[in-house]
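Here is how the chains run, residue by residue.
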Amino acid sequence: MRKEPAGARSGIADLLAGVAAPATVLFVHAHPDDESIATGGTMAALADAGHRVLLLTCTRGELGEVIPADLRHLQVGLPESVDDGAALAQLRLTELATATRVLGVHSGFLLGTAPALDPGAPPRAYRDSGMSWGEDGRAQPAPEVSTDSFTQQPLEAAAADLAALLRVIRPDVVITYDDDGGYGHPDHVRAHQVTVAALRQIDGEFPVRAWVTAGDVGSSTGRLVEVTGDADAKRAAIAAHGTQTVVEGGRFALSNGIWQDVSPVERFREITPAGAGGAGAVSAAGGPGGAGATPRPARWLAGVAAVVVGLLVCWLGTVLHGHVGYAGTTPLPWGALLAVVLCASAATAVGLWTRAVWAAAVTGAVAFTGNWLLAGGGSVPLIVTQTARPTGVALAGNVWLYGAGVATVVAVLLTARGLRRSHR
């Protein structure tokens, strides 16, 4: 048995607070290698502490980008490809078996294969959806996605498969990705959605706590826990996935060639999947059960709020904008400037309340669109504009009309910044 790193027990104690020992902890990952890269240190530390660590892998990684030159024929899409990914999938499952032994995983499962299969349904394999690398170094959808890919299969069917496994193993804790998938991979995002939906299907049947990996992009804002895991085991497990990773000392790289440190510290946020409408519902809970939770509003409610607030801002801003002061002969459109500030503030408030950048954008866009209609409607428009050297009321109209557009951009930026800071 490996020596447990300093700090691991305190991190694990926070992760398992309120759970009787030894705990059963299920990790849900998208492909072979994700378990080692994202949560390997925690998995090893949990196993060393005597807890039962289980792993569900959703796909077999058929479309992984192969790094070793002598194995490039296994990569789908290359001229030298030998098949549709079946050979690579088999090799990656072998790598997974080695990695899980290193991490001390008690049992591993594949989604769509019993017991991770909805009773009565025929066995099914969820195929790797593939990805491409964006200019920002994050993953994005592949140019073409087959209909049998994980992201293209019905969400409820995949969730029913996971729910069947949950009912068999009855885990105390389930851990998966946040709703951004960690680094944007579509299958990671889908794994989050499937996990949340499955937890809702079994809600109330037995107690289970849910955590997601904490990054800087995902939307979860629940209680943050840091676990200092076993860096040596994590490094060895990552190295076991030789088709997908290159390990050099205390760092590793994927096929994008970007080196990353093998950090023993892994961060998680608690979520309460049954507490709100829409996948990715989160909790600001301070302890078991989600006490004090503030779930994200349902998407439809966020949309309604954005439209209503946008209309109110348009109305109030139009009433305000006509107030103009003068410093000598120089007009000071203070009413219009106040209306622009109101627009930016209201749109930002909606974005932060809904925890959605798009809601901030919709609020401002509704206000701007309303202004545009009022400026061009009727023989006596409510917002007077002038393109050539506007003064007085016309200056105020221009400031309010175009200022609402600027306010929308500012609100989007402020909302995005606020959400990122709340995750740290």
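Given the structure is predicted, the values throughout are model-derived calculations rather than measurements. (Residues numbered from 1 in each chain as written. Predicted model: local features only at pLDDT ≥ 70, side-chain atom pairs only at ≥ 80, totals over all residues. Heavy atoms only, no water.)

Peer 1: Any details on unusual backbone geometry? Residues and values, ideally.
Peer 2: Backbone torsion omega between A21 and P22 reads -5°, so that peptide bond is classified as cis. Summarising the element assignment, P22 is placed in the loop between α1 (8-15) and β1 (24-29). The omega torsion of the bond from A114 to P115 falls at 10°, within 30 degrees of zero and hence cis. Here P115 shows up in the loop between β3 (107-110) and β4 (132-133). (Helix = DSSP H or I, 4+ residues; strand = E, 2+ residues; numbered from the N terminus.)

Peer 1: Before we move on, could you go through the layout of surface pockets and cite the residues and values that matter?
Peer 2: If you add up the space inside the largest pocket, you get close to 1100 Å³. Residue lining of the largest pocket: 42 residues in total, with I37, A38, G182, Y183 and Q260 positioned closest to the centre. Those elements giving two or more residues to the lining of the largest pocket turn out to be α2 (34-48), β11 (259-261) and β12 (265-271). (1 Å grid on protein atoms, 1.4 Å probe; cavity = no way out; pocket = protein on both sides within 12 Å on 5 of 7 lines; lining within 4 Å. Points joined across faces, edges and corners; volume = space filled by probe spheres on them.)

Peer 1: Hey, could you go over the state of the cysteines for me, with residue numbers and the actual values?
Peer 2: Counting across every chain of the model gives zero disulfides. C314 supplies the cysteine sulfur nearest to C343, a cysteine that is in no disulfide, at a spacing of 9.1 Å. In this structure C343 comes out as buried when scored by relative accessible area, which is 1%. (Disulfide = S-S within 2.5 Å. Buried < 20%, exposed > 50% of the residue type's maximum accessible area, 1.4 Å probe, protein only.)

Peer 1: For the side chain of T415, give the residues involved together with the corresponding values.
Peer 2: Position of T415 relative to the elements: it lies in helix α10 (residues 392-422). For T415, a relative accessible area of 0% gives the class buried. Polar side-chain contacts of T415 include one of 2.8 Å to the backbone oxygen of A411. Excluding residues that lie within four positions of it along the chain, T415 makes contacts with A347, T348, G351, L352, A356, V357 and A360. (Polar contact = N/O pair within 3.5 Å; in protein donor to acceptor, adjacent residues only side chain to side chain. Contact = heavy atoms within 4.5 Å.)

Peer 1: I'd love a proper account of the pattern of salt bridges, names of residues and values included.
Peer 2: Inspection of the entire model under this criterion finds nine salt bridges. R235 is paired through a salt bridge with D232; the nearest N and O atoms lie 3.0 Å apart. Residue R235 and its partner D232 are both found in helix α6 (residues 231-240); the two are separated by three residues, about one turn of the helix. Judged by relative accessible area, which is 55%, D232 ranks as exposed. For the salt bridge of R251 with E248, the shortest nitrogen-to-oxygen distance reads 2.6 Å. One salt-bridge network, in which partners are shared between bridges, spans R209, R223 and E270. (Salt bridge = Lys/Arg side-chain N within 4 Å of Asp/Glu carboxyl O.)

Peer 1: Please give an account of the sheet that holds β11 that cites residues and values.
Peer 2: Strands belonging to one sheet form pairs held by backbone hydrogen bonds; the direction of such a pair is parallel or antiparallel. With respect to topology, three strands assemble into an open sheet ordered β9-β10-β11, the strand pairing being antiparallel. Single-partner strands in this sheet number two, and they are β9 (246-248) and β11. The average undirected angle you get between the axes of adjacent strands in this sheet is 30°. Where strand β10 (residues 251-253) and β11 come together, three bridges link them in antiparallel fashion. When the bridges of β11 are listed, R251 appears paired with D261. (Pairing = 2+ DSSP bridges. Axes fitted to C-alpha atoms, helices over the stretch in contact; angles between N-to-C directions.)

Peer 1: So what about the environment of A253? Which residues, and what values?
Peer 2: The residue A253 is located in strand β10 in this model. Judged by relative accessible area, which is 4%, A253 ranks as buried. Through-space distance from the C-alpha of A253 to that of I238 is 9.8 Å; in sequence the pair is 15 residues apart. Beyond its immediate sequence surroundings of up to four residues, A253 is in contact with I67, Q244, T245, V246, I258 and W259.

Peer 1: Account for the packing of aromatic side chains, naming residues and giving values.
Peer 2: This model, assessed by the stated rule, comprises two aromatic pairs. Ring plane angle 75° and centroid distance 5.7 Å describe the contact between Y126 and F150, whose orientation is recorded as edge-to-face. Of this pair, Y126 sits in the loop between β3 and β4 while F150 sits in the loop between β5 (139-140) and α4 (155-169); the two residues are 24 residues apart in sequence, bridging distant segments of the chain. Taken together, a centroid distance of 6.1 Å and an interplanar angle of 35° make the contact between F368 and W372 tilted. Here W372 and F368 lie together in helix α9 (residues 357-376), a separation of four residues that amounts to about one turn. We classify F368 as partly exposed; its relative accessible area is 25%. Since its relative accessible area comes to 48%, W372 is described here as partly exposed. (Phe/Tyr/Trp six-rings, centres within 6.5 Å; stacked < 30°, edge-to-face > 60°.)

Peer 1: Before we move on, can you summarise the confidence of the model for the protein with the specific residues and values?
Peer 2: On average, the protein scores 86 in pLDDT, and the residues at 70 or more come to 87%. Averaged pLDDT values over the elements of the protein bottom out at 68 in β5 and peak at 98 in strand β2 (residues 52-57). Every residue in residues 275-295 is under pLDDT 50, and counting partners more than four places away or in other chains gives 59 contacts. (pLDDT = per-residue confidence, 0-100.)

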